[in-house]
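Structural features, examined
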Amino acid sequence: MPKKNIRKKSKVAKKKAVKKKILKKKAAPKVYKIDRLNADKKEGESTIQSAKAIGKKLADDPYTIEDGVSQSMLSGFFNCRLSCRYGLDGWRSPRLKDSLNYGSLYHDLLENFFRGVMLEGYTLEDAKPFMNLFLETWLEHERSKDITNPRALQSSEVCAAQASATFLGYCEMWPDDFEPGRWIELEGVFEADFHGYLLRGRMDGLQRAGKKRKYYRLMEHKTKARIEEEALDRRLAFDFQNLFYLTALNCQLKTKGIDELARVVYYDIIRRPGQKFNPDKESLSDYSVRVKEDVAKRPDHYFKRSEIFYTAKDLERFQEELLIKLQIFERWLKDEEPTFKNEQACVAKWNCTFLDACASAGNMSNYVQTGELFVELKD
Ligand code: SF4
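From a predicted model like this one, the values you see are computed outputs, not experimental measurements.

Let us now look at the overall build of the protein chain. On a plain count of helices and strands, the protein chain comes out with 12 helices and six strands. Burial status across the protein chain gives 27% buried among its 379 residues. Put simply, of all contacts in the protein chain between residues at least 6 apart along the chain, 76% involve residues at least 24 apart.

So this is what it looks like as structure tokens:
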């Protein structure tokens, strides 16, 4: 037999072996992991060892600035000092907004799935089975919570139907998110020293982006019912949260001796479907199909991303103002600044949680004082 043919035969045999291996691999059922559900966070269960103060009960152990400052805390203070005071004293409303529930569900779904992409090599093909398993787990959890409240339960089921209708469209819209080596971190908790103030928070995602993965890019996911496109780009040019997170990341890079300025944010918007569910006329699965058809027709309406490149000057200007804001906040905590209402902030995009309290001269009977510090940073 000529040598050439022998080689050919061995190549064919090799190919067959590889194919057999692939088929064997495909046949094995994939085990998907769901590590974290925000809804599962319970008071006093922080697993972050280094993060002091996370989970501390505010009614028993008052907040001090040494516990750290998050962007939501600081922007809340500048929005309304009284609302910030109530929050830092541990007051919470027992009612959870439906929009918060939807946002929290979507964040958990994205985090868990893209962690699988980052660590386990999930592909687009995994999106559907993963999503089904995730939503089933999430709904099971919601059902156990809301067993006596059929309205809350239906609202959770609608949230899950909407997520199921949009998630695959989202994954198809952004294929770059599946590139190997794209993700560095998901829902990473950070602590950073900024002029002696401890900045804290949780970033939705961190990527390497650009040609040859040249730069850091923060990912921020937002679920929104309405998108004010006209003003959005201008507002993002000086967005407090984006610049706060970039500042914290740059402080961390500096501490680690990494000479690189992180200055890019990917602002990722997922529109919440506006179609109403009509339980008298359709089932939840019919509703989900109806929404999914609309998503397929106009994905651009549902999914939008802006990549924002901040300049070194933008960051510098922001940091000068951030330092001033932190100093005012610190003086207020020491009672060197007064507390007052901001009546302009009571009814905005969402009604302030403390409307009932302010409307009844500070009567807190509709509230519980069970608040903990930095619940959003718990794992
Ligand atoms: S209701 Fe208005 S004044 Fe009262 S805490 Fe809320 S935002 Fe402030």
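On we go from here.
Let us now look at the pairing of strand β2 (residues 183–194). Pairing analysis gives 10 bridges linking β2 to strand β3 (residues 197–209), with the strands arranged antiparallel. Bridge pairing links E191 to R200 in β3. Connecting the antiparallel pair β2 and β3 is a turn made up of two residues, with H195 showing a positive phi of about 50°.

Ranked by internal contacts, the top residues of the largest apolar core, which has 30 residues, are L105, Y106, L109, F113, A163 and F167. At the level of elements, α4 (98–120), α5 (124–145), α6 (150–173) and α9 (284–297) are the ones that each hand at least two residues to this core. Tallying contributions element by element places α6 first for this core, with nine residues. If we skip the residues at most four places from it in the chain, L109 touches M131, F134, A163 and F167. Within the second largest apolar cluster, 28 residues are counted, among which are A192, F244, I308 and A357.

On to the packing of helix α2 (residues 71–79) against helix α3 (residues 81–88), then. Across the interface, α2 lies against α3 with an axial gap of 5 Å and an inter-helix angle of 135°. The angle between α2 and α3 falls in the class oblique. Listed contacts from α3 to G76, F77 and N79 of α2 are R81, S83, C84 and G87.

Further remarks concern the site of the ligand. In the vicinity of the ligand, the residues found are C80, L82, S83, K341, N342, E343, A345, C346, C352, F354, L355 and C358. Here the shell around the ligand is composed, by residue class, of eight nonpolar, two polar and two charged.

On to α6. The end-to-end C-alpha distance of α6, which contains 24 residues, comes to 35 Å, matching closely the 34 Å that a straight helix rising 1.5 Å per residue would cover. Along α6, the sharpest change in direction is near 30° and occurs at T166.

This brings us to unusual backbone geometry. Even without a glycine there, the phi angle at E187 is positive, about 50°. For E187, the position within the fold is in strand β2. According to the C-beta neighbour criterion, E187 is buried, with 21 such atoms within 10 Å.

Turning our attention to the packing of helix α8 (residues 240–255) against helix α11 (residues 312–333). Orientation of α8 relative to α11, taken along the N-to-C sense of each, is 95°, at an axis distance of 10 Å. As far as their axial angle goes, α11 and α8 are roughly perpendicular. Contact residues: L243, L246 and T247 in α8; L315, F318, Q319 and L322 in α11. Considering only residue class, the contact of α8 with α11 consists of five nonpolar, two polar and no charged.

Moving on, we come to the pairing of strand β4 (residues 215–224). Sheet topology places β3 next to β4; five bridges connect them, and they run antiparallel. Note that in β4 the partner of A209 across the bridge is Y215. Between β3 and β4, which pair antiparallel and follow one another directly, the connecting turn spans five residues, one of which, G210, has a positive phi of 80°. The pairing of β4 with strand β5 (residues 264–271) spans seven bridges and is classified as parallel. Pairing of M219 across the sheet is with Y266, part of β5.

With respect to the helices and strands, the residue C171 is situated in helix α6. For C171, a count of 24 C-beta atoms within 10 Å puts it in the buried group. Each C-alpha atom of the pair C171 and L124 lies 6.8 Å from the other, and the pair is 47 residues apart in sequence.

Another point: the environment of A59. Tracing the backbone through its elements, the reader meets A59 in the loop between α1 (3–27) and β1 (69–70). If we ignore the near neighbours within four places in the chain, the residues touching A59 are G90 and Q369.

Another point: the confidence of the model for the protein chain. On average, residues of the protein chain score 86 in pLDDT, and 85% of them reach the 70 mark or higher. Note that pLDDT drops below 50 for residues 38–50; the model gives that stretch 22 contacts with residues more than four away or on any other chain.

Right, let's get into the environment of D67. Residue position: D67 is located in the loop between α1 and β1. Taking the C-beta count within 10 Å as the criterion, D67 has 21 such neighbours and is therefore assigned buried. The spatial distance from the C-alpha of D67 to the C-alpha of I54 is 8.3 Å, given a sequence separation of 13 residues. Those residues within four positions of D67 in sequence are excluded, and the remaining contacts are A53 and L373.

Reading the values: the criteria
- Residues numbered from 1 in each chain as written.
- Predicted model: local features only at pLDDT ≥ 70, side-chain atom pairs only at ≥ 80, totals over all residues.
- Helix = DSSP H or I, 4+ residues; strand = E, 2+ residues; numbered from the N terminus.
- Buried ≥ 20, exposed ≤ 12 C-beta atoms within 10 Å, placed from the backbone.
- Contact = placed C-beta atoms within 7 Å.
- Pairing = 2+ DSSP bridges.
- Core = buried A, V, L, I, M, F, W, Y, C linked by C-beta atoms within 7 Å.
- Axes fitted to C-alpha atoms, helices over the stretch in contact; angles between N-to-C directions.
- Parallel < 35°, antiparallel > 145°, perpendicular 65-115°, else oblique.
- Near = placed C-beta within 6 Å.
- Nonpolar A, V, L, I, M, F, W, Y, C, P; charged D, E, K, R; others polar.
- Expected span 1.5 Å × (residues − 1).
- Bend = angle between axes of the 7 residues up to and from the residue.
- pLDDT = per-residue confidence, 0-100.

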